[in-house]
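One letter stands for each residue in the lines below.
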Amino acid sequence: MIREPMPAWSKGRVTLLGDACHPTLPFLGQGGVMAIEDGYVLAACLDKYFTAPKLALARYEAIRRERTAMVVRKASENKASAFAPALADKERVAEEVAREWQQVRLRERMEWLYNYDATAIAV
């Protein structure tokens, strides 16, 4: 269910994407999104480096590695807070929700996630 990032996603002319290479817990709701972003970037890399598939796959991994690792890490962190012992204290939970889920605070925390544009990445 949880594993460290793979050292490589590709071997020869075969590569992995989505949960096959960076499985994520459901605590950010981004597993499917990561696969869609991977697919877009992979297609763009294969299009640009059509005559050099190994280069295309290497570029795809280089572009996606940091983003996917961060999503996996943050989802794991969210799991820890979702199942924290403090959740038994309903008043504390209510205070935390009121504080952390305000629109401004939510934007600050999630901007890195939701403002990412896989279509704007230079391959």
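As shown above, the structure is provided for reference.
What you see is a predicted model; the values in this text were computed from it and never measured. (Residues numbered from 1 in each chain as written. Predicted model: local features only at pLDDT ≥ 70, side-chain atom pairs only at ≥ 80, totals over all residues. Heavy atoms only, no water.)

Novice: Summarise the side chain of Thr24; cite the residues concerned and give the values.
Specialist: Here Thr24 lies in the loop between strand E2 (14-15) and helix H1 (31-48). Overall, Thr24 belongs to the buried group, its relative accessible area being 16%. (Helix = DSSP H or I, 4+ residues; strand = E, 2+ residues; numbered from the N terminus. Buried < 20%, exposed > 50% of the residue type's maximum accessible area, 1.4 Å probe, protein only.)

Novice: Account for the nonpolar core, naming residues and giving values.
Specialist: When a protein is soluble and globular, its nonpolar side chains tend to lie buried together. Trp9, Cys21, Val41, Leu42, Cys45, Tyr49, Ala56, Leu57, Tyr60, Ile63, Ala118 and Val123 form the largest nonpolar core, which has 12 residues in total. Counting only elements with at least two residues in this core, the list comes to H1 and helix H2 (53-82). Of the residues forming this core, the biggest block, four residues, is contributed by H2. If near-sequence neighbours (up to four positions away) are discounted, Tyr49 is found in contact with Leu55, Ala56, Arg59 and Val123. Within the second largest apolar cluster, seven residues are counted, among which are Leu25, Ala75, Met110 and Leu113. (Core = buried A, V, L, I, M, F, W, Y, C linked by side-chain atoms within 4.5 Å. Contact = heavy atoms within 4.5 Å.)

Purely geometric numbers; function is a separate question.
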